[in-house]
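Overview (structure and organization)
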Amino acid sequence: MLTTLVIGLREGLEAALIVGIVAAFLKRNGRGLGAMWIGVATAVAASLGVGAVLWALESTLPQAQQEGLETVIGAVAVVFVTGMLFWMNRHARGMKRELETSAGAALHDGGALALAVMAFLAVLKEGFETSVFLLATFRAAQNAGLAATGAVLGILASAAIGYGVYAGGVRIDLARFFRITGAFLVLVAAGLVLTAVHTAHEAGWILAGQQRTIDLSWLAPNGSLRGALITGMLGIPSDPRLIEVVAWLAYVVPVALLVYWPAKRRPTAAGALRLRWIVAAALGAAAVVLAAAVPAAPQPASGTRPLIGGGTAELSGSSLVVRQGGATERVPLPTGTAATRAGADVTERSADGSAAVDGPATVTLADVAAAAGGRLPVGLNPAQDPGPFTATWTATTTTTAWTSGGVLVDARRTAVTVLTITGGGLSTARSLTVSGADAPMLAGWHVTPAAATATAAALVAATTAGPEHTLWAVEVPIALLIAALAVTLTALRIRRLGREPVSAPSTPAPRTRSTPYAVK
């Protein structure tokens, strides 16, 4: 509630001050306020509409897409509040003078319509920022009702202050006010950065950097007032992850330094230029070091796998090559389906086949009983079918391989041997599944459990390390290089402007039309 109250007060106060100062200016100049109020009302309605549309859109999306939209809204809110912090840090003291100058120009150039447009654009900008910022904060709040109450109270308080400015009974040190509330909003915006990184992980956009860093349950216990203040207001969870801590620090440290560095200790123009070069070089060096120092993700071996009892199995293209007893067999594998093997995500690929079995061509009734597991099959009568019989031995096989990319994780073959007998008094051929221990059978095979477990573990490690390597060795260095480039461009621009000669105009400059954004 306190978070949204401060947001509503501060963001609402900006809009209220704009309206109050412009209204007071018009009152002193004997002008009506109708056009201004039309612009203000239209901007307020548009801001509420933006918030309602975003809220409704997010509520209708699936869970993962909701998390993605929350990430985008949070990022936009952080950009808005950061820009507002920097602008207010520079212009709060001269805000009234700049507003009155803009209002005067608008009134002189375009009359009531220009003033209405000015009020509309100024309030719309603040209203849109407030809608996005509050929506992001509502999603992160533990109690949406209290958060909404705080926002309403903050906006009402800002409206009251704005009226006081208009009536002339309120004097406020804007520089001090925005500086004090700005310190709180820096922490709130940092919490939104952390929350945005968390929702990006929930949306499946950030897969790495999820290592636990520190246990803050002692600082922000669930269900306590202190926990509500730290987690609900500042967005800091009791178990922040590595990427969240990095993002929080990457926002808080530079923003706090830029906004609250003492004015007396700020460097000169030449010193500021040197500092920009140093920062750009440091960012570039950090990017290079990260890209070079982060080790590549380990890859599991893609060679042969040992079989129980001897032999090897190996994945070769889309076929499985099996070597046993000096013989080599190549089994083509189909596309397969997704599965899990020994904890690793794999593709299960099965192929059916048949094979001849080396067995006697003639069998007796006793041989048939032995092949059937010690008893005669049902329907075989010794008196009517005394034998001997002509025997055909065959086997149906199922070869299954569990693969991931070009890596063989596990493989096995199961075989069912079938004995088909004719003659010996039989009117038709009879088939039976061979189950006797001493009967001729085609043996199956299997990759050793130790080899399968080791390959699966290496595959899981590679799957985990892959996104980590991409994040720390690719994505973060790219972000650092972009930041270094941005700082370099600002340094070049400052140096170019410093070299340009400044000459006084020979004639007074013509009065130009001020834009509504002269207030910011």
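We now turn to the structure provided with this report. (Residues numbered from 1 in each chain as written. Predicted model: local features only at pLDDT ≥ 70, side-chain atom pairs only at ≥ 80, totals over all residues. Heavy atoms only, no water.)

**Details of the overall build of the protein chain**
Where we set the bar: Only DSSP runs of H or I covering at least 4 residues are called helices, and only runs of E covering at least 2 are called strands; the numbering of each starts at the N terminus. Classification of residues uses two cut-offs on accessible area relative to the type maximum, computed with a 1.4 Å probe and protein chains only: under 20% is buried, over 50% is exposed, and between them is partly exposed. By the convention used here, residues are in contact when the closest approach between their heavy atoms is within 4.5 Å. Shrake-Rupley sampling with a 1.4 Å probe provides the accessible areas, and residues are treated as covered by the protein chains on show and by no other component.
Scanning the protein chain for helices and strands turns up eleven helices and eleven strands. With 520 residues in all, the protein chain has 40% of them scored as buried. Across the protein chain, every contact between residues at least 6 apart in sequence was considered, and the portion connecting residues at least 24 apart equals 74%. As displayed, the protein chain offers around 27,200 Å² of accessible surface, 64% of which is attributable to carbon and sulfur atoms.

**Let's talk about the sheet that holds strand 3 (residues 319–324)**
Filter applied, for reference: DSSP-based pairing: two strands are paired if at least 2 bridges between them are found.
Across the sheet, four strands lie side by side as 1-2-3-4; this open sheet has antiparallel pairing. A strand with exactly one partner marks an edge of an open sheet, and here the two such strands are strand 1 (305–306) and strand 4 (327–332).

**Topic: the packing of aromatic side chains**
To keep it simple, the criterion reads: Aromatic pairing here means that ring centres of Phe, Tyr or Trp (its six-membered ring) are within 6.5 Å. Orientation follows from the plane angle: under 30 degrees is stacked, over 60 is edge-to-face, and everything else is tilted. Should the NZ of a Lys or the CZ of an Arg lie within 6 Å of a ring centre and within 35 degrees of the ring normal, that charge is described as sitting over the ring.
Under the counting rule described, the total for this entry stands at zero aromatic pairs. The ring centre of Trp 402 lies 3.7 Å from the NZ or CZ of Arg 341, which sits over that ring.

**A word on the environment of Leu 194**
Structurally, the position occupied by Leu 194 is in helix 6 (residues 174–202). For the pair Leu 194 and Gly 74, spaced 120 residues apart in the sequence, the C-alpha separation amounts to 9.4 Å. Not counting chain neighbours up to four residues away, the residues in contact with Leu 194 comprise Gly 235, Pro 237, Glu 244 and Trp 248.

**So, the pattern of salt bridges**
We apply this condition: Salt bridges are defined as contacts in which a side-chain nitrogen from Lys or Arg sits within 4 Å of a carboxyl oxygen from Asp or Glu.
Summed over the entire model, instances satisfying the criterion amount to five salt bridges. Across the pair Glu 314 and Arg 323 runs a salt bridge, and its minimum N-O distance is 3.2 Å. A residue is classified by how much of its surface remains accessible, and Arg 323, at 37% relative accessible area, is partly exposed. Within this structure, Arg 212, Asp 239 and Arg 241 form a network of salt bridges that share partners.

**Some thoughts on the side chain of Asp 410**
Short version of the rule: Pairs of N or O atoms within 3.5 Å make up the polar contacts considered here, provided that, within protein, one atom can donate a hydrogen while the other can accept it, and that residues adjacent in sequence are counted only when both atoms are side-chain atoms.
Inspection of the secondary structure assignment puts Asp 410 in strand 9 (residues 407–422). Within polar-contact distance, the side chain of Asp 410 engages the side chain of Arg 341 at 3.1 Å. Residue contacts for Asp 410: discarding those within four places in its chain leaves Arg 341, Thr 400, Ala 401, Trp 402, His 446, Val 447 and Ala 452.

**Examining the pairing of strand 4**
Pairing of strand 3 with strand 4, which is carried by six bridges, proceeds in the antiparallel orientation. In the strand pairing of strand 4, Val 322 is matched with Glu 329. The antiparallel pairing of strand 3 with strand 4 creates a hairpin that spans two residues between the two strands, and Gly 325 there sits at a positive phi of about 55°.

**What to know about helix 8 (residues 242–260)**
Defined as follows: Each helix should span, by expectation, one fewer than its residue count multiplied by 1.5 Å. Directions drawn from the helix axis to the C-beta atoms are what define this arc.
The end-to-end C-alpha distance of helix 8 is 27 Å, a good match for the 27 Å that 19 residues give at a rise of 1.5 Å each. Listed in full, the buried residues belonging to helix 8 are Ile 243, Glu 244, Ala 247, Tyr 251, Val 252, Val 255 and Val 259. The buried residues of helix 8 all sit within an arc of 150° when viewed along its axis, so they share a single face.

**Some words on the nonpolar core**
For clarity, the threshold we go by: The nonpolar core is taken to be a set of buried Ala, Val, Leu, Ile, Met, Phe, Trp, Tyr and Cys residues, with the residues joined through side-chain atoms within 4.5 Å.
Ranked by size, the top nonpolar core spans 34 residues in total, and within it Val 81, Leu 185 and Tyr 251 carry the most contacts. Broken down by secondary-structure element, the contributors of at least two residues to this core are helix 3 (63–91), helix 6, helix 7 (225–234), helix 8 and helix 11 (449–499). Among the nonpolar cores identified, the runner-up in size contains 16 residues, and Val 363, Leu 365, Leu 419 and Val 434 belong to it.

**A few points about unusual backbone geometry**
The phi angle at Ala 342 is positive, at roughly 55°, despite the residue not being glycine. For Ala 342, the location among the structural elements is in the loop between strand 5 (337–341) and strand 6 (344–356). Note on Ala 342: relative accessible area 52%, which makes it exposed.

**Some thoughts on helix 9 (residues 269–293)**
Across its 25 residues, helix 9 extends 36 Å between first and last C-alpha, which sits within 8% of the 36 Å expected from 1.5 Å per residue. When helix 9 is considered as a whole, its buried residues turn out to be Gly 271, Ala 272, Leu 273, Ala 280, Leu 283, Gly 284 and Ala 287.

**Comments concerning the environment of Trp 87**
Checked against the element boundaries, Trp 87 lands in helix 3. Looking at Trp 87, the relative accessible area reads 13%, which means it is buried. Spatially, the C-alpha atoms of Trp 87 and Val 259 are 9.8 Å apart, while their sequence positions differ by 172 residues.

**Details of the environment of Gly 51**
For Gly 51, the position within the fold is in helix 2 (residues 34–60). Assessed through its relative accessible area of 18%, Gly 51 is described here as buried.

**Some thoughts on the side chain of Arg 241**
For Arg 241, the location among the structural elements is in the loop between helix 7 and helix 8. Polar contacts involving the side chain of Arg 241 include one to the main-chain carbonyl oxygen of Gln 210, which spans 3.2 Å.

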